[in-house]
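Residue-level structure breakdown
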Amino acid sequence: MRMLAQEEETDDVEVTWEDQQRINNFSKLNTRLRAIEEKLESLKQEKEALDDLSTEIELADEDEPVLYKIGESFFNLSHPSAMKRLESDQESISSQISSLASSAEECETTMKELKVVLYAKFGKAINLDE
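Residues numbered from 1 in each chain as written. Predicted model: local features only at pLDDT ≥ 70, side-chain atom pairs only at ≥ 80, totals over all residues. Heavy atoms only, no water.

Now for the environment of Lys-69. One can find Lys-69 in strand 1 (residues 66-70). Residue Lys-69 is classed as partly exposed on the basis of its relative accessible area of 45%. For the pair Lys-69 and Ala-82, spaced 13 residues apart in sequence, the C-alpha separation works out to 9.9 Å. (Helix = DSSP H or I, 4+ residues; strand = E, 2+ residues; numbered from the N terminus. Buried < 20%, exposed > 50% of the residue type's maximum accessible area, 1.4 Å probe, protein only.)

If you want it as structure tokens, here you go:
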């Protein structure tokens, strides 16, 4: 067992209102980042499914109608209509992915700044890692 030096034992730093606001902000950002990452993963899987669907529709017979899911229902669409709809869905998901990725990056940047400030003041007395 290691004996702590006198200055190491008194690691009690007063938490000011501003410090508490920073800690709360970090917590909110961390929660938001986890939600964004889950949504990103879901959208990436959906994008991959749409890419697979695109390949399948390209191989399908152009004279036959295509069952296309819109919301919770399936509709018979002509081949060209299905391709247009698929392209617009792919573009929509791609834009959502890029938007969420930039939001995640903003959260991470702000969290890093808060970590620097909080670790500078509290040192080992605070744990901001998962």
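Moving on to the side chain of His-79. Inspection of the secondary structure puts His-79 in helix 3 (residues 79-122). Ignoring sequence-local partners within four residues, the contact set of His-79 consists of Ile-57, Ala-60, Asp-61, Glu-62, Glu-64 and Val-66. (Contact = heavy atoms within 4.5 Å.)

This brings us to the side chain of Asp-19. Looking at where Asp-19 falls in the secondary structure, it is placed in helix 2 (residues 17-59). Accessibility expressed as a relative area gives 4% for Asp-19, which makes it buried. A polar atom in the side chain of Asp-19 sits 2.9 Å from the side chain of Thr-16. Discounting chain neighbours no more than four positions away, the residues touching Asp-19 are Glu-14, Leu-118, Lys-121 and Phe-122. (Polar contact = N/O pair within 3.5 Å; in protein donor to acceptor, adjacent residues only side chain to side chain.)

Those places that UniProt annotates as "coiled-coil region" (unreviewed entry) correspond, in this numbering, to residues 26-63. Between the end C-alpha atoms of residues 26-63 the distance is 56 Å, and the span holds 89% helix and 0% strand. (UniProt positions renumbered as here; feature names shortened; annotations may be inferred.)

Nonpolar side chains in soluble globular proteins tend to end up buried together. In terms of nonpolar packing, the biggest core is built from 25 residues, with Ile-36, Ile-57, Tyr-68 and Ala-82 touching the most fellow members. Those elements that place two or more of their residues in this core are helix 2, strand 1 and helix 3. Of all the elements, helix 3 adds the most residues to this core, at 12 residues. In this view, Tyr-68 contacts Leu-50, Leu-53, Ser-73, Phe-74, Phe-75, Leu-77, Ala-82, Arg-85, Leu-86 and Asp-89; residues no more than four positions away in its chain are not counted. (Core = buried A, V, L, I, M, F, W, Y, C linked by side-chain atoms within 4.5 Å.)

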